[in-house]
Amino acid sequence: MARASKTGNKAGRAKAGRKRSSQYGRKSTQTKRGTASRHKALSVAVLRRKLERQSIELDQAHEQQTATADVLRLISRSTFDLQRVLDTLTESACRLCDAYDAVLLLREDDFLRIAAHHGDIPVVDKWPISRDWVSGRCVVDRKPIHVHDLWAEEVEFPRARAFSLNTGHRSLFAVPLMREQEAIGAINIRRTEVRPFTDKQIDLLQTFADQAVIAIENVRLFNETQEALERQTATADVLKVISRSSVDLETVLETLVETVARLCRADQVYMFHLRHDLWHLIADYGLSIEAREFFKTNPFTPGRGSTSGRAAMELRAVSIADVLQDPEYTLSKGQAIAGYRSTLGVPLLRENTLIGVFSIVRTRVEPFASKDVELATSFADQAVIAIENARLFDELRERQAELRVTFDNMGDAVAMFGADKRLAAWNRNLQDMLDLPDDLLVSRPNFAELFRYLAARGEFGSGDLEAELARSVDDIGREMRYERVRPDGCIVEVRRNPVPDGGFVLIYADITERKRSEDAVRMAREAAEKALLDLQGGPGPSGPDREAGFARSAHRRHRA
């Protein structure tokens with residue numbers, strides 16, 4: 001066999017190498033192409049998942065914004081309907097935070113009461129505020145609390161854990177409702193499995209808590225404004241009744257008790273007046289016939305055994321949450337008939353002197369709030385004004401009656417004129433003496449009109465006297481005294497005296513009998529003088545002396 005040359009072998013090996021290299025290059029290129037395809041597919045998948053996640057987040061954000069906008073819109077439109085806003089808030093919080101339920105609680109004294117609830121997990125209507133349960137602690141501490149697994153919190157939240165074992169909820173997040181620096185309630189969301197809430201869900205619930213506070217504050221301000229307006233209107237109405245019915249105390253007190261019952265949401269109102277050391281019912285509202293009859297016929301003694309008695313003893317407003325649970329309350333028969341439970345007593349004070357008591361009651365156990373006490377105290381002050389006005393009016397009427405009796409029984413005729421120169425008062429003797437018609441007196445003429453009326457009737461007789469009086473009509477500031485003969489022959493003495501307020505008093509005295517008596521005395525004295533002269537020496541003066549004596553006597557009589 002011929003042996004191959006070395007040159008041929010080298011060529012063959014080179015050719016084979018080039019063939020293998022070509023094959024490897026094709027395989028490498030194919031591998032690179034496959035890897036690139038796989039990387040491209042992976043990148044697309046990642047981008048798709050990222051896009052889907054962003055789309056979901058965008059949808060969630062849009063849904064949250066929509067829900068927030070809806071709540072704000074509802075708040076702006078539902079000033080009168082807080083419950084609708086709170087129900088919408090809890091429903092939105094439950095849905096958007098992926099919770100099993102949502103609960104909104106509001107503070108009432110030392111308790112948290114459920115105001116809105118959405119979901120199927122059982123709830124308790126009212127819980128005392130304490131750190132033993134999550135919502136209670138968040139109100140006490142005034143900060144959010146996130147519990148991942150309530151069943152594992154036996155030490156921190158013993159009451160909440162015991163309750164959750166019955167209801168089945170595990171994860172819980174609670175946010176306080178903060179108004180300025182005060183926690184007025186809380187909102188919480190719950191799940192029945194251990195699945196803590198995300199940061200976005202926590203932020204979202206905080207937003208709903210803020211919106212709840214806005215809604216509650218809007219309604220509170222609106223209600224306070226409405227209540228203030230209603231109270232001002234009621235107060236104005238009562239004061240109007242007082243001003244128009246000063247002589248009718250019963251009408252005023254009836255208006256007062258009805259108004260205070262309406263504004264304080266009371267079922268019954270009693271007003272007692274202290275007389276002869278006993279409380280007597282003088283006005284009431286809402287009482288049955290039996291109850292009214294009992295309290296009217298059974299005045300009771302002051303003391304701590306009744307709300308009114310306590311308020312009277314302490315001279316301040318006294319509230320009893322439940323008279324059946326009060327160990328000092330002894331007015332049991334009256335309570336059994338009227339059926340009241342929560343009571344409020346307010347003293348009626350006139351310059352620190354007790355004159356009566358307001359007793360405002362509810363037939364349910366619902367203690368009166370501080371604003372009720374303030375309102376009742378305000379109406380108590382108005383009751384005192386009404387009672388005082390009536391008392392002063394009665395005193396004035398009694399004094400006027402006494403003055404009228406004295407006035408009418410005076411022997412002289414009297415006319416009183418005010419600063420405006422008009423007739424203000426007169427007695428019966430004036431009308432009888434001057435024969436004045438009722439119409440003239442009722443019209444209350446001024447002094448000039450009365451003077452002209454009398455002058456036109458010929459009352460003054462003498463023209464000179466009438467002229468002198470006419471000059472003095474406008475000068476009422478000086479005293480005047482004169483005598484005149486009336487057309488019927490009677491002689492009257494007229495005196496005019498000014499009074500400090502700018503008016504004056506006219507006094508007419510019938511001096512006819514006095515003048516006749518004076519004439520009779522004078523004539524008797526002259527007769528006695530003549531008789532004495534006759535006894536002492538015979539005939540009296542004659543001739544010119546006697547004529548002069550007669551002239552002097554006649555002159556004296558004329559002057560008289």
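Before reading further, recall that the structure is shown in the block above.
Since this is a predicted model, take the numbers as computed values, not measurements. (Residues numbered from 1 in each chain as written. Predicted model: local features only at pLDDT ≥ 70, side-chain atom pairs only at ≥ 80, totals over all residues. Heavy atoms only, no water.)

1. Focus on the overall build of the chain
What counts here: Only DSSP runs of H or I reaching four residues or more are called helices, and only runs of E reaching two or more are called strands; each is numbered from the N terminus. For each residue, the accessible area found with a 1.4 Å probe, counting protein chains only, is set against the maximum for its type, and the residue is called buried under 20%, exposed over 50%, and partly exposed in between. Only the protein chains shown count as covering a residue, and every accessible area follows the Shrake-Rupley method with a 1.4 Å probe.
Of regular secondary structure, the chain possesses 16 helices and 16 strands. Within the span of the chain, comprising 560 residues, buried residues form 38% of the whole. Carbon and sulfur atoms provide 52% of the accessible area of the chain, an area that totals close to 32,700 Å².

2. Description of the nonpolar core
Operational definition: Grouping buried Ala, Val, Leu, Ile, Met, Phe, Trp, Tyr and Cys residues that are joined through side-chain atoms within 4.5 Å yields what is termed a nonpolar core.
Counting 31 residues, the largest nonpolar core has Leu86, Leu104, Leu177, Ile187 and Ile189 as the members making the most contacts within it. When residues of this core are traced back to their parent elements, those giving at least two are α2 (82-96), β1 (101-108), β2 (111-119), β5 (171-179), β6 (182-191) and α5 (199-244). At 10 residues, α5 tops the list of elements feeding residues into this core.

3. Remarks on the sheet that holds strand β10 (residues 342-350)
The condition is simple: Strands are labelled as partners when DSSP assigns at least two bridges between them. Lines fitted to the C-alpha atoms define the axes, with helices restricted to the stretch that makes contact. Angles between their N-to-C directions range from 0 to 180 degrees. In this description, contact between two residues means that some pair of their heavy atoms is separated by no more than 4.5 Å.
Taken in spatial order, the 5 strands make up an open sheet running β8-β7-β11-β10-β9, and their pairing is antiparallel. Every other strand in the sheet has two partners, leaving β8 (278-285) and β9 (318-320) as the edge strands with one partner each. Along the sheet, successive strands turn relative to each other by an average axial angle of 20 degrees, direction set aside. Where β9 and β10 come together, 3 bridges link them in antiparallel fashion. Opposite valine 318, over in β10, you have glycine 345 as the bridge partner. The strands touched by helix α7 (residues 289-297) within the sheet are β7 (268-275) and β8, with β8 carrying the most contacts at an inclination of about 155 degrees.

4. Regarding the pattern of salt bridges
What counts here: Take a side-chain nitrogen of Lys or Arg and a carboxyl oxygen of Asp or Glu: if they are within 4 Å of each other, that pair is a salt bridge.
Using the criterion set out here, one finds 37 salt bridges in the structure. A salt bridge links lysine 515 to glutamate 518; its shortest N-O distance comes to 3.9 Å. Of this pair, lysine 515 and glutamate 518 are both found in helix α15 (residues 512-537), 3 residues apart, which corresponds to roughly one turn of the helix. A cluster of three or more residues bridged by salt bridges with shared partners is formed by Arg265, Asp267, Arg362, Arg364, Glu366 and Asp372.

5. Observations concerning the environment of threonine 377
By secondary structure assignment, the location of threonine 377 is in helix α10 (residues 370-408). Accessibility expressed as a relative area gives 29% for threonine 377, which makes it partly exposed.

6. Here's the deal with the sheet that holds β1
Spatially, the 6 strands line up as an open sheet ordered β3-β2-β1-β6-β5-β4, and their pairing is antiparallel. For this open sheet the edge positions go to β3 (126-128) and β4 (145-147), each flanked by a neighbour on one side alone. Averaged over all pairs of adjacent strands, the angle between their axes in this sheet comes to 20 degrees, without regard to strand direction. Bridge analysis of β5 against β6 gives 9 bridges, and the strand direction is antiparallel. What sits directly across from methionine 178, in β6, is alanine 183. Running over the sheet, α2 touches β1, β2 and β6 and is turned about 60 degrees from β2.

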